[in-house]
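Understanding the architecture of this molecule
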Amino acid sequence: MRTSMGVSCRCFPSRWLVCLALLAVPAGAGAQDVRRVTTDGQVLAAAAPDALLDSAFRIDIDSITVTLDWYPATGWVDGTATLAFRLRPGQSRAVFNFTPFVTSRSAISRLVLDEYALSPQSDGDVKIITVPGTRQPFIELQHPLDPAVRHTLTVDYRLSVPAVYPRFSSEVNDILGRGNEAVWPTINTPHELARHVVTFRVHDIQTFRFVGSGRSDFTQDGGVQQWVLDTQRDVSSYSVMFVLLPAGDTEYREWLIDGVPVRAVAYTSVNLTEAKARLESWLPELRRRFGPFPALHGLNIFLFSDSGGGMEYYGGTITSLSALRHEVLHGYFGCSVVLRTYPDSWIDEAVTSWFEEIMRGQQHPLLPATYRGNWVGARSPVSVGFSTLAYSDGASIMQAVANRLGGTDRMADFLKYLVQNYTFEPFTTLDFTAYLKDFSGVDMRTQFLEWVYSGLEPSVQTSATAGARAEQKVLDLDPPWVRRRH
Amino acid sequence: MANVRSCAILTVGLLWGLSRTVGAQSPAAPPRAWQVEAVGGMTGLAPNDLNSRVDYDSAFINYLSTAQIQQQHEGEMLKLADANPIAVRMLRRLSRHWSVGAGFAFFTTQQSSSAGASYRYTVIDPRAQEYQREFSQTLSIDPLVLTVRDYLPHGVVRYDMALARRLRIGASLHAGWVLAECQISRTQTTQGGFYPTRRYSQLEMTGSGGGFAADVLLSAHLPVASRFGLIVEGGYALHQVKNVTGAQKTTVQIQDGEATAVELEQVSQIEGRWVNQPVTVQTSSGPWQGSVPAIGTQGTPFTLNLSGWQVRVGVSFGI
């Protein structure tokens with residue numbers, strides 16, 4: 001996301017506060033710590049929060065299939081969503097994030113788990129729970145599930161979107177940590193990747209335009225305009241873009257720029273000629289530096305104004321013209337090279353800010369030698385949002401890495417190495433340093449610990465184990481259809 | 001200032017009445033050669049450069065106050081406006097009308113205040129990146145403490161004369177080198193906005209300096225015993241220190257969003273000359289421009305102005 005916020009320096013030790021927060025995580029973790037190891041045998045930091053993340057997010061989603069019937073005149077959206085998932089290691093009860101369940105539970109009309117109807121209104125079947133370390137609510141299915149098999153959860157619901165203007169679009173805000181859980185049930189964390197197939201059915205007499213994160217097929221079904229959006233691969237749910245707008249208010253262009261198919265929807269007030277010109281210089285630069293544009297379908301954009309911010313999505317962006325380059329670069333870093341947790345997502349913002357601004361001739365001041373930050377360490381791995389210091393201090397950190405590597409070109413080579421080797425392989429902040437060492441031999445782990453972990457190694461193993469023990473106490477609540485494990 | 005004036009009028013009136021009463025009972029005694037005086041009273045103050053911090057903070061807290069949005073306010077930022085000086089001096093009478101002497105005057109005063117505001121509104125823009133954006137912000141400055149101290153060793157020249165049988169009135173010039181100190185202590189918390197930010201900052205500034213100072217006072221002296229008398233005096237004290245130097249320490253802590261601990265703490269310390277740093281606050285009614293005391297930045301020279309009208313009452317002992 002493109003924004004502009006404050007900067008500072010020097011930090012405050014907070015390891016114990018973080019550890020206390022993590023210790024309180026409920027719900028089980030199997031502590032099956034499948035550590036990943038670099039070529040020189042260094043244990044990757046991502047291994048540490050695995051058990052904690054599993055205990056919080058609990059399910060691994062294979063696919064999300066959604067049908068959304070939108071009635072622009074009334075603002076109603078009737079949805080049916082099906083999640084196909086497996087339990088993560090050590091888990092027995094599924095959870096998911098779905099805002100309407102929290103804000104208007106009565107809007108959930110049907111809940112079916114593995115063909116068994118549950119009562120959405122009954123705490124005996126489904127309960128809203130909290131997880132220490134985040135304010136994001138979780139919906140917990142109260143019936144333990146067999147971890148050995150694939151499960152499906154189907155939800156029928158009604159959303160209310162503003163009817164003042166006929167627009168229906170994703171409104172993800174990664175700084176706030178708000179993803180598409182406002183529109184369909186999912187797991188709102190960057191590392192949870194799933195293929196999304198979303199069908200949009202517009203019930204209105206006026207003609208609409210659609211762009212989204214993936215291939216889209218249009219059909220006219222009687223009086224209903226229908227688009228089926230298929231991401232074609234597993235992506236983070238919060239990186240799925242969709243935009244439905246009246247055709248009469250917008251322009252639509254298709255361009256092929258340096259081999260990348262670009263589809264642009266824009267309000268008529270936006271300077272599309274300038275947008276095309278910028279992409280004609282920017283996309284070849286990105287492809288030269290980092291390789292093919294990652295999204296299989298190309299780049300789909302919605303330009304809403306000439307100035308302002310923007311939000312990146314997989315193979316797409318909802319953006320102003322001024323933030324276009326920044327958001328398109330996120331197509332590589334943030335939406336394809338994915339960070340493991342929200343707090344780690346500072347890296348994609350830092351990389352993007354650094355490179356885009358360097359290409360515009362803007363320099364980034366180096367952080368003082370005494371700089372000690374804690375912007376990853378102060379946040380639980382299960383928290384949402386990331387530090388806005390990413391835009392300023394984070395870009396300065398990337399400048400420091402570039403300096404160690406020998407300059408912008410060498411840094412770009414390292415970033416290309418990440419794209420080539422770790423696209424859709426979510427990693428943590430300290431993994432980043434390990435990959436840097438793999439690539440160049442430059443070891444900046446200590447500096448990164450100083451910059452974003454207050455100089456301390458993150459440690460969550462104890463909390464994850466404690467959570468696993470707590471979970472064992474609730475296993476005897478299995479309903480009849482669940483096969484027990486022994 | 002009105003307080004100082006009314007206090008002066010009241011005191012002179014009381015002294016006049018007392019002189020009439022005492023004068024009717026006993027004859028006048030000649031003034032002693034040596035006189036020790038101790039007085040205390042009130043002074044009005046208007047240290048504008050220092051008080052500019054109050055103006056800025058008020059503008060900061062109230063930056064959306066003229067907007068038609070949901071808002072709540074509490075407290076008020078207060079300026080330094082007065083102090084209670086005390087002084088002691090010894091005078092040697094040289095002739096029937098003239099006396100000279102030396103003394104020491106001092107005052108310290110502190111103004112502590114706090115204020116806060118919260119603002120909330122919703123931006124609805126159907127054609128924007130996000131249809132609806134919630135703005136919710138809380139600002140507080142608690143406390144803002146302004147402190148000044150004024151030390152004035154001085155020489156005194158006084159001309160006085162008898163009025164009626166016992167009362168003597170006079171005019172005196174007290175001149176010396178004032179040593180002054182000033183401090184700002186301020187804690188600010190800003191929470192929210194469009195994003196769940198939390199910024200906490202602390203400012204500690206100390207400064208001191210010296211300069212020529214002079215008090216021009218009218219006085220009335222009423223003996224009530226052979227060696228003991230009452231004294232009341234009032235006038236204008238000119239105390240300005242134009243070269244204030246000192247130290248500034250700022251601490252900024254950032255703890256945004258779901259951070260469970262401070263994400264970043266920035267501590268900066270600097271020593272040097274106080275200046276008036278130009279500042280602008282974007283408010284709902286347009287940009288507010290002013291200045292704040294600062295060190296290590298560009299600005300006009302800072303003046304610690306501790307001048308003001310004074311009125312004092314006290315006692316005198318003849319030796």
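In this text, all values refer to a predicted model and were calculated from it rather than measured experimentally. (Residues numbered from 1 in each chain as written. Chains lettered and ligands numbered in written order. Predicted model: local features only at pLDDT ≥ 70, side-chain atom pairs only at ≥ 80, totals over all residues.)

1. Describing the overall build of chain B
- Counting its secondary structure elements, chain B contains two helices and 15 strands.
- Taking the principal axes of its C-alpha atoms as reference, chain B extends roughly 95 × 40 × 35 Å.
- Expressed as a percentage of its 319 residues, the buried residues of chain B come to 36%.
- Nonlocal contacts in chain B, meaning residues at least 24 apart in sequence, comprise 75% of its contacts between residues at least 6 apart. (Helix = DSSP H or I, 4+ residues; strand = E, 2+ residues; numbered from the N terminus. Buried ≥ 20, exposed ≤ 12 C-beta atoms within 10 Å, placed from the backbone. Contact = placed C-beta atoms within 7 Å.)

2. Remarks on the overall build of chain A
- Of regular secondary structure, chain A possesses 11 helices and 19 strands.
- For chain A, buried positions account for 53% of its 486 residues.
- Relative to all contacts within chain A whose residues are 6 or more apart in sequence, the contacts with residues 24 or more apart total 73%.

3. Considering the sheet that holds strand β7 (residues 138-141) of chain A
- Ordered by their spatial adjacency, three strands build an open sheet running β3-β7-β6 (chain A), and the pairing between neighbours is antiparallel. The sheet terminates laterally at β3 (95-96) and β6 (126-129) of chain A, the two strands that pair on one side only. (Pairing = 2+ DSSP bridges.)

4. Remarks on the interface of chain A and chain B
- On the side of chain B, 23 residues touch chain A, which itself brings 38 residues to the contact.
- Residue assignment for the side of chain A that touches chain B shows that the elements contributing at least two residues are α1 (15-23) and β18 (310-313) of chain A.
- The greatest single-element share of the side of chain A that touches chain B, amounting to three residues, is contributed by α1 of chain A.

5. What to know about the sheet that holds strand β4 (residues 108-113) of chain A
Residue and element names in this part refer to chain A.
- Here eight strands make up an open sheet; going across it, the order is β5-β4-β8-β2-β1-β10-β13-β12 and the pairing mixed. Because the sheet does not close on itself, it has two edges, and the strands there are β5 (116-118) and β12 (215-221). Each neighbouring strand pair of the sheet contributes to a mean axis angle of 15°, computed without reference to strand direction.
- In the sheet, β4 pairs with strand β8 (residues 151-160) via five bridges, with the strands oriented antiparallel. In the sheet register, Leu111 faces β8, and the bridge partner there is Val155. (Axes fitted to C-alpha atoms, helices over the stretch in contact; angles between N-to-C directions.)

6. A short note on unusual backbone geometry
- Going from Asp142 of chain B to Pro143 of chain B, the amide bond is cis rather than trans, its omega being 0°.
- The topology assignment puts Pro143 of chain B in strand β6 (residues 132-163).
- Phi is positive for Phe424 of chain A, close to 55°, though the residue is something other than glycine.
- Structurally, the position occupied by Phe424 of chain A is in the loop between α8 (408-422) and α9 (429-440).
- Residue Phe424 of chain A is classed as partly exposed on the basis of its 16 C-beta neighbours within 10 Å.
- The phi dihedral of Ser454 of chain A is positive, around 60°, even though this residue is not glycine.
- Within the secondary structure, Ser454 of chain A is located in the loop between α10 (445-452) and α11 (461-471).
- Of the residues examined, Ser454 of chain A has 25 C-beta atoms within 10 Å and is grouped as buried.

7. A short note on the packing of helix α7 (residues 393-405) of chain A against α8 of chain A
Residue and element names in this part refer to chain A.
- One can describe the packing of α7 onto α8 by two numbers: an axis separation of 7 Å at closest approach and a directional angle of 105°. The angle between α7 and α8 places the two elements in the roughly perpendicular class. Listed contacts from α8 to Val401, Ala402 and Leu405 of α7 are Thr408, Arg410, Met411 and Phe414.
- Here the contact of α7 with α8 is composed, by residue class, of five nonpolar, one polar and one charged. (Parallel < 35°, antiparallel > 145°, perpendicular 65-115°, else oblique. Nonpolar A, V, L, I, M, F, W, Y, C, P; charged D, E, K, R; others polar.)

8. Description of α7 of chain A
- Along its 13 residues, α7 of chain A runs 18 Å from first to last C-alpha, staying within 8% of the 18 Å computed at 1.5 Å per residue.
- Phi turns positive, to about 115°, at Gly406 of chain A, one or two residues after α7 of chain A. (Expected span 1.5 Å × (residues − 1).)

9. Quick word on helix α4 (residues 272-290) of chain A
Residue and element names in this part refer to chain A.
- Taking 1.5 Å per residue as the helical rise, α4 with its 19 residues ought to reach 27 Å, and the 25 Å between its terminal C-alpha atoms agrees with that figure.
- Those residues of α4 that fall on the buried side of the exposure criterion are Ala275, Leu279, Leu283, Leu286 and Phe290.
- On the buried face of α4, the contacting elements are β15 (250-257), β16 (260-267), β17 (299-305), α5 (324-329) and α8.
- Two residues or fewer past α4, Gly291 is found with a positive phi of approximately 100°.

10. Considerations on the packing of α9 of chain A against α10 of chain A
Residue and element names in this part refer to chain A.
- The interhelical angle for the contact between α9 and α10, taken along N-to-C directions, is 155°, at an axis separation of 9 Å. When the axis of α9 is compared with that of α10, the two are roughly antiparallel. Crossing hand, α9 versus α10: right-handed. Contacts from Thr429, Leu430 and Thr433 in α9 reach Arg445, Phe448 and Val452 in α10.
- The residue makeup of the contact of α9 with α10, split by class, is three nonpolar, two polar and one charged. (Left-handed = near helix turned anticlockwise from the far one by under 90°.)

11. Remarks on the nonpolar core
- The biggest cluster of nonpolar side chains holds 136 residues, and the ones touching the most others in it are Ile59, Ala94, Phe200, Val243, Leu244, Leu303 and Ala350 of chain A.
- Ignoring any residue separated from it by four or fewer positions in sequence, one finds Ala350 of chain A in contact with Ala390, Gly394, Ala395, Ile397 and Met398 of chain A.
- Counting residues in hydrophobic clusters, the runner-up holds 46 residues, among them Leu45, Met77, Ala294 and Ile295 of chain B. (Core = buried A, V, L, I, M, F, W, Y, C linked by C-beta atoms within 7 Å.)

12. A look at the confidence of the model for chain A
- Of all residues in chain A, 84% attain a pLDDT of 70 or more, and the chain-wide mean is 87.
- This stretch, residues 460-486 of chain A, has a pLDDT under 50; its non-local contacts, to residues over four places away or in other chains, come to 48 contacts. (pLDDT = per-residue confidence, 0-100.)

13. Topic: the environment of Leu53 of chain A
All names here are of chain A.
- Note on placement: Leu53 falls in helix α2 (residues 47-57).
- Owing to 25 C-beta atoms within 10 Å, Leu53 belongs among the buried residues under this scheme.
- Excluding residues that lie within four positions of it along the chain, Leu53 makes contacts with Pro381 and Val382.

14. Overview of the pairing of strand β14 (residues 242-246) of chain A
Residue and element names in this part refer to chain A.
- Along β14, four of the five residues are buried, which leaves the element largely enclosed by surrounding structure.
- In the sheet, strand β9 (residues 168-169) pairs with β14 via two bridges, with the strands oriented antiparallel. What sits directly across from Phe168, in β14, is Leu244.

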